[in-house]
Each structure stands twice: as structure tokens, then as C-alpha cells.
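A closer look at the structure
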Amino acid sequence: MRTEHIEVIPYQATWPLAFKQIVAHLMPSIAGSFTRIEHVGSTAVPGLAAKPIIDIDIVIAQVSQLQTLITSLAKLGYYCEGELGVAQRYAFSYEPTTSALKLHHLYVCLAAAEK
């Protein structure tokens, strides 16, 4: 998914809830295959203006966990785009028109201790 028009808006109090809704959507398929899930980027900072796109990192302890997540996320309509120039950060795309969830960017990242 490529963003063609960039819009920055004032902080929205609904962003943390949107993050939780996305995580709730992911959890039944990925539970047990990651270390933690983090709301990252500017929408995670209260009071900060941001692009209205929720950024999410699924953190794994070992790169060997990646294939399990690729398979599980594919069942939800996500596809892995690879590292896209950032080592050990794997980007996932989906068709936003088919999702009732808030527009989001999803990444799987290796925990810092493993890098």
C-alpha cells in the first residue's frame, strides 16, 4: 500500500482505541507467535499532530518466528513486502478497501537484543 496524499491532522483521542481494535483483530490468528505488539509512530504520542495512519510493530524474539507470522497474517489478507530497505523490519500490506479497521501500517521487527 502506497500513500499518495500525505495529510497531517491534530491528535485524535480515538487513535489508541483504533490500535486496540487492530490488535484485537490480529490476536486470534497470531497469539503465541510474537513477543509483544507496540503502537509506534506519531499517532502513539498523545497531543502530537500526525498522519492519520496507525503504525504497529509486532516484535519477535527470533527471525525463525517470521514465517509463522507471514502465514498467519496471510490468512487475514496481509502480505509480506520484505524489509523495504530497513534491515530486520518486515513490512506487511493489505487492501484497505476490504478492511473495516483504521488505516494502518504493520511491521514485524526483530527485538533489539537479537539484532
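The preceding data block contains the structure.
Everything in this summary refers to the structure shown in the same document. (Residues numbered from 1 in each chain as written. Predicted model: local features only at pLDDT ≥ 70, side-chain atom pairs only at ≥ 80, totals over all residues. Heavy atoms only, no water.)

1. Looking at the nonpolar core
Where we set the bar: Residues enter a nonpolar core if they are buried and are Ala, Val, Leu, Ile, Met, Phe, Trp, Tyr or Cys, with the set joined through side-chain atoms within 4.5 Å. Three exposure classes are used, based on accessible area relative to the maximum for each residue type with a 1.4 Å probe and protein chains only: buried under 20%, partly exposed in between, and exposed over 50%. Per the convention used, a helix needs a DSSP run of H or I reaching at least four residues, while a strand needs a run of E reaching at least two, with both numbered from the N terminus.
If you look at the biggest cluster of nonpolar residues, it comprises 25 residues, and the most contacted ones within it are Leu 26, Ile 30, Ile 37, Ile 58, Leu 73, Leu 106 and Val 108. Counting residues per element, the ones that place at least two in this core are α1 (15-30), β2 (54-60), α2 (66-74), β4 (89-93) and β5 (104-110). If one sorts the elements of this core by residue count, α1 sits on top with 7 residues.

2. Brief notes about the side chain of Ser 93
How we decide: What qualifies as a polar contact is a pair of N or O atoms within 3.5 Å, subject to a donor-acceptor requirement within protein and to the restriction that residues adjacent in sequence count only when both atoms come from side chains.
Summarising the element assignment, Ser 93 is placed in strand β4. Side-chain polar atoms of Ser 93 contact the side chain of Glu 81, separated by 2.8 Å.

3. Remarks on α1
Condition: Helices are assigned an expected span. That span is 1.5 Å times one less than the residue count. Note on contacts: a residue pair is in contact if any heavy atoms of the two residues lie within 4.5 Å.
Taking 1.5 Å as the rise per residue, α1 with 16 residues should run 22 Å; its terminal C-alpha atoms sit 22 Å apart, in good agreement. Looking at the packing, one finds that the buried side of α1 touches β1 (36-40), β2, α2 and β5.

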